[in-house]
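Chain and residue survey
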Amino acid sequence: MTLLGTLALWLAFLLGVWGALAGFMGGLATPPRPDLARSARHAVFAMCGALLVAVVSLEWALFQHDFNVEYVAAYTSRNLPIFYTWSALYAGQKGSLLFWATVLSVFGSLALALTSRRHRHLLPHVAGVVSVVAAFFISVMLFGHANPFQRLPYTPLDGSGLNPQLQNPGMVFHPPMLYLGYISITIPFAFALAALLSKRLDADWLVAIRKWTLLSWLFLSIGICLGMWWAYVELGWGGYWAWDPVENASLLPWLTMTAFLHSVMIQEKRGMLKKWNLALIIGSWLLSIFGTFITRSGVISSVHSFTQSSVGYFFLAFLIVAGVSSFALYATRLPLLEAEARLESMVSREASFLFNNLLFIGIAFSVLWGTLFPILSELVQGTKVTVGPPFFNQVNIPLGLALLGLTGIGPLIAWRRASLPNLQRQFAVPVTVGVFTGLVLLVAGIRDFYALMAMALGGFVMGTVVQEFARGTGARHRQYGEGYALALGRLLARNRRRYGGYIVHTGIVILFVAFAGMAFKTETEATLKPGESASIRSPYGWTYRLTHLGISQYDALNRQVTAATLDVTRDGTPLGVLTTEKRQHVDALGRPTFQPSTEVGIRSDLREDLYVVLGGVVNGTEQAVFRFTINPLVWWVWYGGMIVALGGLIVMWPGGSPAVKRAQAGYAVRLVEEK
Amino acid sequence: MFELVAGILLATGAVYFVLRPILYPEVEGRGTGNEGRGDEGEDPEDDLSPRAVALRALKEIEFDRATGKLSDADYDVLKTRYTSEALAALRAEGPGSGMRDAGSVVPDATAHPASRIPHLACPAHGPRPEPDAAFCSECGCRLAAAPGYCARCGSALEHEARYCHACGTRVAA
Amino acid sequence: MMRPRNDGATECGRREFFGFAAAGLLSVVPSFRRFVPVQDTLPSTGPSGRLWDPARAGRPLDPVVAADNDAAIQAIEKQLHCTCGCNLDVYTCRTTDFTCGVSPEMHRQVIALAERGMTGQQIVDQFVHAHGLTILMAPPKRGFNLAGYFTPAVVIVVAAAALTLVLRRWARAASGVPAAPPAASNVTAAPEELERLRRELDQLPT
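**Some words on the overall build of chain C**
Broken down by element type, chain C carries 8 helices and 0 strands. The linear arrangement of helices and strands in chain C, starting from the amino end, is α-α-α-α-α-α-α-α. In chain C, which comprises 206 residues, the share counted as buried stands at 42%. Of all intrachain contacts in chain C linking residues separated by at least 6 positions in sequence, the fraction that spans at least 24 positions is 38%. A total of about 11100 Å² of accessible surface is found on chain C, and carbon and sulfur atoms cover 63% of it.

**Focus: the sheet that holds strand E6 (residues 597–599) of chain A**
Residues and elements named next belong to chain A. Pairing within the open sheet is antiparallel, and its 5 strands lie in the order E2-E3-E4-E5-E6. A single partner strand is all that each edge strand has here, and the edge strands are strand E2 (533–537) and E6. Each strand of the sheet is rotated relative to its neighbour by a mean of 30°, with strand direction disregarded. Relative to strand E3 (residues 543–556), E2 runs antiparallel, the two being bridged by 5 bridges. In the strand pairing of E3, Ala534 is matched with Leu546.

**Let's talk about a nonpolar patch on the surface**
Residues Leu3 and Leu7 of chain A together with Met1, Leu4, Val5, Ile8 and Leu9 of chain B make up a contiguous nonpolar surface patch of about 670 Å² in total accessible area. Contributions of two or more residues to the nonpolar patch are made by helix H1 (2–28) of chain A together with helix H1 (2–23) of chain B. By residue number, the principal contributor to the nonpolar patch is H1 of chain B, which donates 4 residues. Mapped onto the secondary structure, Leu7 of chain A falls in helix H1. You can call Leu7 of chain A partly exposed: its relative accessible area is 30%.

**Looking at the packing of helix H14 (residues 389–409) of chain A against helix H18 (residues 496–517) of chain A**
Residue and element names in this part refer to chain A. Here H14 crosses H18 at 145°, and the two axes come no closer than 11 Å. The handedness of the crossing between H14 and H18 is left-handed. Taking contact as the criterion, the partners of Gly400, Leu401, Leu404 and Thr407 in H14 are, on H18, His505, Val509 and Phe512. Tallied by class, residues from the contact of H14 with H18 come to 4 nonpolar, 3 polar and no charged.

**What about the domain arrangement of chain A?**
All names here are of chain A. The domains assigned to chain A are domain 1 (1–167) and domain 2 (521–636). Here domain 1 and domain 2 have C-alpha centroids that lie 42 Å from each other. Counting residues at the interface gives 14 residues for domain 1, matched by 12 residues for domain 2. It is Asn79, Asp158 and Pro164 in domain 1 that bury the most area against domain 2; as a group they hold 53% of the surface buried on that side.

**Focus: the environment of Ile187 of chain A**
Residue and element names in this part refer to chain A. Along the chain, the position of Ile187 falls in helix H8 (residues 186–198). Judged by relative accessible area, which is 0%, Ile187 ranks as buried. Distance from Ile187 to Leu110, taken between C-alpha atoms, is 9.8 Å for residues 77 residues apart in sequence. Ignoring anything within four residues of it in the chain, the contact list for Ile187 reads Phe107, Gly108, Ala111, Val130 and Trp212.

**Re the packing of H18 of chain A against helix H19 (residues 634–652) of chain A**
Residue and element names in this part refer to chain A. Contact geometry for H18 and H19: axes closest at 8 Å, N-to-C directions at 170°. Between H18 and H19, the interaxial angle falls into the category roughly antiparallel. Its residues assigned to classes, the contact of H18 with H19 comprises 14 nonpolar, 8 polar and 2 charged.

**Regarding helix H3 (residues 50–66) of chain B**
Residues and elements named next belong to chain B. With 17 residues, H3 should reach 24 Å at 1.5 Å per residue; the first-to-last C-alpha distance of 24 Å fits that figure. Burial within H3 is extensive, with 13 of its 17 residues counted as buried. Immediately beyond the C-terminal end of H3, within one or two residues, lies Gly68, with a positive phi of roughly 85°.

**Details of unusual backbone geometry**
All names here are of chain A. Positive phi values are uncommon outside glycine, yet His65 reaches one of about 50°. Positionally, His65 belongs in the loop between helix H2 (34–63) and helix H3 (70–75). The backbone of Phe594 sits at a positive phi, close to 60°, despite the residue not being glycine. Here Phe594 is to be found in the loop between strand E5 (573–585) and E6. Take Phe594: its relative accessible area is 37%, and that puts it in the partly exposed class.

**Details of the pairing of strand E9 (residues 624–632) of chain A**
All names here are of chain A. In terms of burial, E9 is largely enclosed, as 9 of its 9 residues are buried. Here 7 bridges tie strand E1 (residues 522–528) to E9, and the two strands are oriented antiparallel to one another. Within the sheet, the bridge partner assigned to Thr524 lies in E9 and is Phe628. Direction of pairing for strand E8 (residues 608–617) relative to E9: antiparallel, over a ladder of 9 bridges. Bridge pairing links Val612 to Phe628 in E9.

**Examining the sheet that holds E1 of chain A**
Residue and element names in this part refer to chain A. Strand order in the open sheet formed by 4 strands is E1-E9-E8-E7, with antiparallel pairing between adjacent strands. Here the strands that pair on one side only, and so sit at the sheet edges, are E1 and strand E7 (601–604). Taking each pair of neighbouring strands and ignoring which way they run, the sheet shows an average axis angle of 15°.

**As for the confidence of the model for chain A**
Model confidence for chain A is summarised by a mean pLDDT of 87, while 94% of its residues fall at 70 or above. Taken together, the stretch residues 657–675 of chain A has pLDDT below 50 and engages in 50 contacts with residues farther than four places along the chain or on a different chain.

**Quick look at the pattern of salt bridges**
Per the counting criterion, the structure on display carries 27 salt bridges over all chains. The residue Arg270 of chain A makes a salt bridge to Glu350 of chain A at a minimum N-O spacing of 2.7 Å. Of this pair, Arg270 of chain A sits in helix H10 (residues 245–270) while Glu350 of chain A sits in helix H13 (residues 349–381), and the two are 80 residues apart along the sequence. Note that Asp587 of chain A and Arg591 of chain A form a salt bridge whose closest N and O atoms lie 2.9 Å from each other. Arg591 of chain A sits in the partly exposed class, given a relative accessible area of 40%. Each member of the salt-bridge network shares a partner with another, and the members are Lys269, Arg416 and Arg498 of chain A together with Glu60 and Asp64 of chain B.

**Things to note about the packing of aromatic side chains**
The tally for this structure, following the rule as stated, stands at 42 aromatic pairs over all chains. Seen in terms of ring centroids, Trp217 of chain A and Trp254 of chain A are 6.0 Å apart; in terms of plane orientation they differ by 25°. Their pairing is stacked. Separated by 37 residues along the polypeptide, Trp217 of chain A in helix H9 (residues 204–235) and Trp254 of chain A in helix H10 bring together distant segments of the chain. Taken individually, Trp217 of chain A and Trp254 of chain A each receive the classification buried, so the pair is uniform in this respect. Judged by centre distance (5.4 Å) and plane angle (45°), the rings of Trp635 of chain A and Tyr639 of chain A are tilted. Note that Trp635 of chain A and Tyr639 of chain A are positioned in helix H19 at a spacing of 4 residues, about one turn of the helix. With a relative accessible area of 28%, Trp635 of chain A lands in the partly exposed category. Accessibility expressed as a relative area gives 38% for Tyr639 of chain A, which makes it partly exposed. Three or more aromatic residues link up through ring pairs in this structure, and these residues are Trp100, Phe136, Phe137, Phe189, Trp285, Phe315 and Phe318 of chain A. Across from the ring centre of Tyr75 of chain B, 3.9 Å away, lies the NZ or CZ of Arg65 of chain B, which sits over that ring. Directly above the ring of Tyr149 of chain C sits Lys141 of chain C, whose terminal nitrogen or CZ lies 5.1 Å from the centroid.

**Quick notes on the environment of Leu162 of chain A**
Residues and elements named next belong to chain A. Tracing the backbone shows Leu162 in the loop between helix H6 (123–143) and helix H7 (169–184). Between the C-alpha atom of Leu162 and that of Thr76, which follows or precedes it by 86 residues, the distance is 5.2 Å. Discounting residues that sit within four places of it in the chain, Leu162 has contacts with Tyr75, Thr76, Leu80, Tyr84, Ser87, Ala91, Gln167 and Phe594.

Calculation criteria
- Residues numbered from 1 in each chain as written.
- Chains lettered and ligands numbered in written order.
- Predicted model: local features only at pLDDT ≥ 70, side-chain atom pairs only at ≥ 80, totals over all residues.
- Heavy atoms only, no water.
- Helix = DSSP H or I, 4+ residues; strand = E, 2+ residues; numbered from the N terminus.
- Buried < 20%, exposed > 50% of the residue type's maximum accessible area, 1.4 Å probe, protein only.
- Contact = heavy atoms within 4.5 Å.
- Areas by Shrake-Rupley, 256 points an atom, 1.4 Å probe, with all protein chains shown as cover.
- Pairing = 2+ DSSP bridges.
- Axes fitted to C-alpha atoms, helices over the stretch in contact; angles between N-to-C directions.
- Patch = residues over 30% accessible without salt bridge, like charges linked within 9 Å, V, L, I, M, F, W, Y side chains within 5 Å.
- Salt bridge = Lys/Arg side-chain N within 4 Å of Asp/Glu carboxyl O.
- Left-handed = near helix turned anticlockwise from the far one by under 90°.
- Nonpolar A, V, L, I, M, F, W, Y, C, P; charged D, E, K, R; others polar.
- Domains from an automatic or database assignment.
- Buried area = accessible area lost by both parts, 1.4 Å probe.
- Parallel < 35°, antiparallel > 145°, perpendicular 65-115°, else oblique.
- Expected span 1.5 Å × (residues − 1).
- pLDDT = per-residue confidence, 0-100.
- Phe/Tyr/Trp six-rings, centres within 6.5 Å; stacked < 30°, edge-to-face > 60°.
- Lys NZ or Arg CZ within 6 Å of the ring centre and 35° of its normal.

Shown next, in the form of structure tokens:
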């Protein structure tokens, strides 16, 4: 099927080129050329079809174990479980490029098909932008020696198999989610460019892209969380975030999109910040391409890097060309984006949102700065330096805490204007909660300044969120006489963006508390013979005792397992048995592939994780080296991520139907004359 | 061989599909209707016309005051400003254009020019021509607040009702 | 239900089984196993069976010594960048999956230097002297690197100042507009207009 796949790629590439030409010409021509516009639209659909054919061809080759295909031989083997054979589609550089282009064309088709008629004037340009970006990705495959359908001059007996670290359920879901996030940013970007090109710079484009931005924000959030989970359970270093350049690259567009999702409200309500919001969208997209560039170029060393290849230069060139041309277009349209900027008061939600934007962009800048600083340093002072977690923590923890504080402050300030006595009333409860939380933790013996601050601020933000829900429910209860439960439900259902946003804030607080918990990580190494035990003291005060029960070796589907079993007690109470493994993966002929990998044993509860790694054995006997780690509050990360995703879904949920709206009449707004 | 044929067929189909709008514009032109979904069922918050924005702002001001976020003084200032904005937006749109899906009966403003003496108005049928009307002559709603009638929509209340069964307004104690 | 597993007797049986299995295997096919003649249990330390194929368990390791868990040593290693290409610090690399050969070597160097009586800073300096600045996880705070540390903060502070000024101007622009004196009765509108406004408001979802 490789011939068909290659043909489909070429077809998709030509369709992309045609779609771009027809789209831009159709959109810009005077008099308008609806035929060209429709042709561009059809080109995107056809490109999507062609790319899907290519994906099917590649999957076909993967499942047929056609090891004459270089990609199949490099990333799968006969004994690879089916699930991972499927996910090998995006395990390597070439396949993931195909995956990128395909998902982009699917998103583009959906955007073209689902966008409401009101925004139709933007669609030819949207088709054009999507075509250009997709055609670029396909061209990298075709001209950058990255064709996944490349054949070998010989046929190996078996493939090399998939990297064991990628053989994890987290890895099946994490990259696609992250890709979905990265790729779907192209749609808001395409709408933004369409608005700039068509000079229709009223509020319309904003409506067209808001939901797409939310969608990619949601995918990106889920993707980042899944990535943390994968790193935690699979990489075995006992953490989930290491400020790796690629992690940073996924965080950057997330930060700018979060900033956009806040500042877009100001534009909706006040008509201000048009330039800023457009710049944020363009910037987010460029950052997503930048992330792709970092992952694929090997310019900056990272655990994630695909093998170094010339592909990086394609991305660098594309990044520069796209950045220069979109900001040049933006610059020519600036006079059209003038808006009357008025602010009723310095103390208002608008002002607090602007400072929130400042912090988001500030954090994004410092992360980008830290990621690029090694290159900068080499240019300026001639020495390459390493910029690792200590740097990022030092710079970003204070900024993150300030942002957390603003998360609590912002919602307490009314839109448009606020005055002092009122603010006192608003802040009383949350500040009390925050201070109380801090004092309790201080008394409980927590002395780590940042952890204490994070938890106290978390208390403050939760105070804000609960107060907002409580006062909103109370107001509904008083005004419409709804019962409290109904009032709460309707409050959420009818102000999904506001209260869904508060739910996201709750998730963020939980995440911050979880990050703070990592300050109390404890670990120890021990060599144990069967029957011997080691103890480790938890920050909660109890002691775990781990007794080595012995090591067994057995064969599994595609690996030879060495499993060490440990009996766990906590202060004498038996908790169960933990197993940690070394896995030597083998191909179908029994030949070892890759280095032995580690399978971590984890015992979780809400308070802490007991994390056990089998390091190896001494002298070839059952005497084994273990590392025991206690990671407090790790599950809070996963729960926090789920709550963020839930809140995002609530915010995104489509609006009510007209029928519902009519049924809701009955809100007495007092008019001026009735005072 | 099969692959080559399949590829050629695929390419031919795609080229035809893409070029059809240009080759046969008149045939394609009729299909305009299915380009993009209609906007029925759209989120009301997607309406960013000045009127909708001002109306939402009024609503939000009301809510922020109810939750205690806005002080009374700020409330008055904002209320005045946004009421004028909303009125300006309504005037600019001219009579008759309600919410997209409102379908409400809008009184003919020219028929009843504004006068110094406020005419009592029926919520459904607008101001009454009779200067001293107590009930609407078209639907029978009570026009001014009176015991036993809803203060807002004028419907007759049920005995000891706490809420109006017609509009849901709470009955003042 | 878990108690029996902790029970000494069953434990022993299991281990003996292991021992016998390994011994039996070795006696039957001695030519297949290329290891030097092995004891099933190490002298004086109780039972510790030989693995069937130790090569599957990864790199052979030495028993953990006290220095491995020494907080001071770990603190030093967390400042040093492992040169194996993993992008981690020495401590994290050597304890992550125990496959790297570079970080244990660096670890031994650190211990050796510490045993010579060097302080943490001296050890780090020694490594910098040998490998260059890249060996540090974060650049030292001097010279151009200060720009690395402080540029984000400076940029944010400057931007915050600029933002405050802009907000001031916007706020002044708003107060300059005479449109809304606070008197409530200033809205001039015909009652029917107010009525229409009210109806529109009623139609908004609450």
